[in-house]
Amino acid sequence: MRMRAVWRLWSPGRGSRSVGDSARRRINASCPRAAYLGLLAGMALKPVLGKLGSKRVVLASASPRRQEILCSVGLRFEVVPSWFKETLEKSSFATPYKYAIETAKQKALEVANRMHVKHLRTPDIVIGADTIVTVDEHILEKPIDKQDAYRMLSRLSGKEHSVFTGVAIVHCNSKDNRLETEVTDFYEETKVKFADLSEELLWEYIHSGEPMDKAGGYGIQALGGMLVEYVHGDFLNVVGFPLNHFCKKLVELYYPPPKHTIHHIKHDSIPSVETFENLSDEENDSSSPLQYKGAIKLDRSKTHSSGGVCSPGSSNIIKPNCMMPVENQNGVMENPDKFPSKILELLDGFRASKALFVASKLKVFDLLKNKGVLQAVDVANTINSSVCGTERLLDACAALGLLEKTLQGYSNSDSANIYLASDSEDSLHGYIIHSDDHLWPLFTHLESAVKEGTMQNYRAFGKKSENLFQDSYYQSMEVKQRFMAAMHSIAKLTAKDVATAFDLSQFRSACDLGGCTGALANELVQKYPNLKVTVFDLPEVIANVSHFQPVRQHTAPVTFTSGDFFKDNFPEADLYILSRILHDWTDEKIHMLLSKISAACKPGCGLLLSEVVLDDEKKNRSTALLQSLNMLVQTEGKERSGSEYQSLLEHHGFTNVKIILTGNLLDAIFCTKC
Ligand SMILES: Cc1cn([C@@H]2O[C@H](COP(=O)(O)OP(=O)(O)OP(=O)(O)O)[C@@H](O)[C@H]2O)c(=O)[nH]c1=O
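The residue numbering used here restarts from 1 in each chain and proceeds along that chain's sequence as written. Only residues with pLDDT of 70 or above have their local features reported here, since the model is predicted, and side-chain atom pairs are shown and tallied only from 80 upward, although totals for entire chains, interfaces and linings are computed over all residues. Values reported for side chains reflect all heavy atoms of the structure, with hydrogen atoms and water molecules removed beforehand.

For the protein chain, the name recorded in an unreviewed UniProt entry is Acetylserotonin O-methyltransferase like, with Crocodylus porosus as its organism. The record in UniProt for the protein chain states the following under Subunit (unreviewed entry): "Homodimer." Quoted verbatim from the Cofactor (unreviewed entry) field of the UniProt record, the comment on the protein chain reads "a divalent metal cation". UniProt positions are given in the numbering used here, feature names are shortened, and annotations may be inferred rather than shown by experiment.

J.: I would appreciate a short explanation of the site of the ligand in the present structure.
T.: Surveying the vicinity of the ligand reveals 21 residues, the closest of which are Ala62, Arg66, Thr131, Lys142 and Val239. Within 3.5 Å is the distance limit for a polar contact, defined as a pair of N or O atoms, with the added protein rule that one can donate a hydrogen and the other accept it, and that residues adjacent in sequence qualify only through two side-chain atoms. The contact in question runs from an oxygen atom of the ligand to an N or O atom on the side chain of Asp130, over 3.3 Å. Here the ligand, which alone exposes 600 Å², has 95% of that area covered by the protein. Numbering goes from the N terminus for both helices and strands, where a helix is a DSSP run of H or I of at least four residues and a strand is a run of E of at least two. Put simply, the parts of the chain that give the shell around the ligand at least two residues each are α3 (64-72), β3 (125-135) and α7 (235-239). Examining the composition of the shell around the ligand, we find that three residues originate from one element, β3, more than from any other. Throughout, the term near means that a residue has one or more heavy atoms lying within 4 Å of the molecule or strand in question. Accessible areas in this description were obtained via Shrake-Rupley with a 1.4 Å probe; residue shielding takes into account the shown protein chains only.

J.: How do you make sense of the pattern of salt bridges when you look at a structure like this?
T.: Opposite charge on two side chains permits pairing when their charged atoms draw close. Salt bridge criterion: a side-chain nitrogen from Lys or Arg within 4 Å of a carboxyl oxygen from Asp or Glu. The full count for this structure, using the stated rule, is 29 salt bridges. In this structure, the salt-bridge partner of Arg114 is Glu110, at a minimum N-O distance of 2.8 Å. Here Glu110 and Arg114 lie together in helix α4 (residues 96-117), a separation of four residues that amounts to about one turn. Glu110 shares its class with Arg114; the two are buried. We note a salt bridge from Asp423 to Lys369, for which the minimum N-O separation is 3.0 Å. Separated by 54 residues along the polypeptide, Asp423 in the loop between α15 (414-420) and α16 (429-443) and Lys369 in helix α12 (residues 364-371) bring together distant segments of the chain. Exposure is judged per residue with a 1.4 Å probe applied to protein chains only, and the accessible area is read against the type maximum: over 50% gives exposed, under 20% gives buried, and values in between give partly exposed.

J.: Help me out: how do you make sense of the sheet that holds strand β12 (residues 509-513) in this one?
T.: The strands that make up a sheet pair up through hydrogen bonds in the backbone, lying either parallel or antiparallel. Between any two strands, at least two bridges found by DSSP are needed for them to pair. The seven strands lie next to each other as β14-β13-β12-β15-β16-β20-β19, forming an open sheet whose pairing is mixed. Each edge of the sheet is formed by a strand with only one pairing partner; in this case those strands are β14 (559-562) and β19 (654-660). Each strand axis lies, on average, 20 degrees off the axis of its neighbour in the sheet, ignoring direction. Alignment of β12 against strand β15 (residues 575-579), held across four bridges, turns out to be parallel. Angles run from 0 to 180 degrees between N-to-C directions of axes, and those axes are lines fitted to C-alpha atoms, restricted for helices to the stretch in contact.

J.: Explain the confidence of the model for the protein chain to me, please; I cannot follow it from the model alone.
T.: Note: predicted coordinates in regions of low pLDDT should not be interpreted at a detailed level. The pLDDT value tells you how sure the predictor is about a given residue, anywhere from 0 up to 100. Averaged over the protein chain, the pLDDT score is 82; the fraction of residues at 70 or greater is 80%. Two residues qualify as a contact provided that any one of their heavy atoms is within 4.5 Å of a heavy atom in the partner residue. A low-confidence stretch, residues 1-43 (pLDDT under 50), is modelled with 90 contacts involving residues beyond four sequence positions or located in other chains. Interface confidence in the predicted complex, given as ipTM, is 0.98; pTM for the same model is 0.54.

J.: Can you walk me through unusual backbone geometry in this structure?
T.: Trans peptide bonds make up the majority, and among non-glycine residues the majority have a negative phi. The phi dihedral of Lys363 falls on the positive side, at around 60 degrees, and the residue is not glycine. Of note, Lys363 is situated in the loop between α11 (341-361) and α12. Since its relative accessible area comes to 40%, Lys363 is described here as partly exposed. The backbone of Lys618 shows a phi angle near 50 degrees, a positive value even though the residue is not glycine. Positionally, Lys618 belongs in the loop between β17 (613-614) and α24 (622-634). Lys618 gets classed as partly exposed once you look at its relative accessible area, which sits at 36%.

Laid out in structure tokens, this is it:
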């Protein structure tokens, strides 16, 4: 086995309804990623699932993976596998995804018809899906036998291919005993790259039996994961169902922007955007008079799928072609394609960030964690702020899903308790404060950074950063502590995924260069009790690490040694670690550092990097690419792609470079000295 792909998103059965709330919370607390996904999805889907709860929902698929994925978000449905044969003429479709969508549609329609006619049980909604793999302009479906699987897998070997899943959501209605259907469809594309597969590995995999019921002849969620070098896009889409896109579609269908938003379109030109978080205000469509004050009331009898909405006699008349959700024949609200939700989301993004920053800075989440539920006036008095300002901040946070608002007052959401309270184990408070105090001023000079191609520390803080860390991050005790708390937050969030990305059990000593508070080092000694880890960092940092150490430690403690890795000799080790170090520096300085590490390494020594890895074309991972802009405004470094890291490492005698996209904020790269 030469390559291994680890993507922790796939965890069958996670979030199943049998797990009680408190149990789930416990699981989540020890697994930040699961917690994030669980809470986000749970929160987002609640109102939509509520609406679907009373409907007969049918999954027209025999695929156990699709059943598990949909189960995992708590959707209630029956399974009626489709009898539709996947025999549409592929060459008659202009693009592969159109073929996948059409097949998905036919699968769902076949089930809808059969249930209506044969079983006299018309479903409300039928969901169909079809997954295909495309490579070199060929569409690969499920192999018919082992030879076919061999042909498919050898075609995929060493190459990038696309996985498309087409999905059809069919709304059904029985009128005068006739079945009426309304289809909403979409597709999702994920790019997957396979390693070069040896004949031996290929046949071993085929004989495992796994390829036979899977498009392209592999199952990424199981043994097939070992064939994969990287995945760009939605992992679950490869597994068979694009859950994220599906949830967004449900939101669009069942939860159009709140009616008072429509008011804003007219007067502010900035409607709120459809994020999952918007859904936390479950009762948006309640009949609360306050909620609709001054807003257009949508009268179902006056809405038409073709025209838009008007409310005659009201002063708030909306013209037919403005960005209104319109009702389709099934009474379902849909957004016209023109609605530029993505752009508006970006345009508004800074407001949401700033609301989060201010609430964190004013310790709103700490207060609510301690007190449970409070009215706005009590929060305002405690944080020494105006009642009207506090109320608006709390409302905004509630609408963003950070708080919950009831008649009793405001309380923290689960994710706020886990990530926003400053004293919780997985708190991101440090990083939030750093973002507000340090990154925000730097980003206000992004335009200059882009024009000049350099960091903006002088413009933002009036200080030259000749020595980046001394001048920017360690210039005062306060700034240093803030910076270390920020790095600690991120390291805690990512350490487990980085520490477990590769098998490091053969190493006995490790040195984490620039390892700061030792968060990754502490995770490594948990995972590998026989590993002795030394954190090597500047004296200013080492002097300040004590209060970041874990309270209960069952393993040998991590040791800390001070020095400058550019100038001083560093401790001997058979594994070196650089976590978020290379992205701070120019290629020239990286070469200097890597050649020092290479010289210190004996053959067989390992080097573990943890960085955000960009895709080779630098076009797919927006979070990673924004992180590279972040490096532009504040350092002389940048984020790099997998092949860029590979060539830097190979240049210094490291081989067998493996990259794992962890699905977390940091990815992991491992290589050995030859
Ligand atoms: C690439 C890949 C695919 N699959 C499975 O491949 C089948 C695709 O075939 P389909 O025709 O879309 O679905 P089906 O299995 O025939 O079911 P149905 O929709 O009823 O026709 C689905 O099962 C998927 O999970 C995996 O489990 N893992 C993977 O990495």
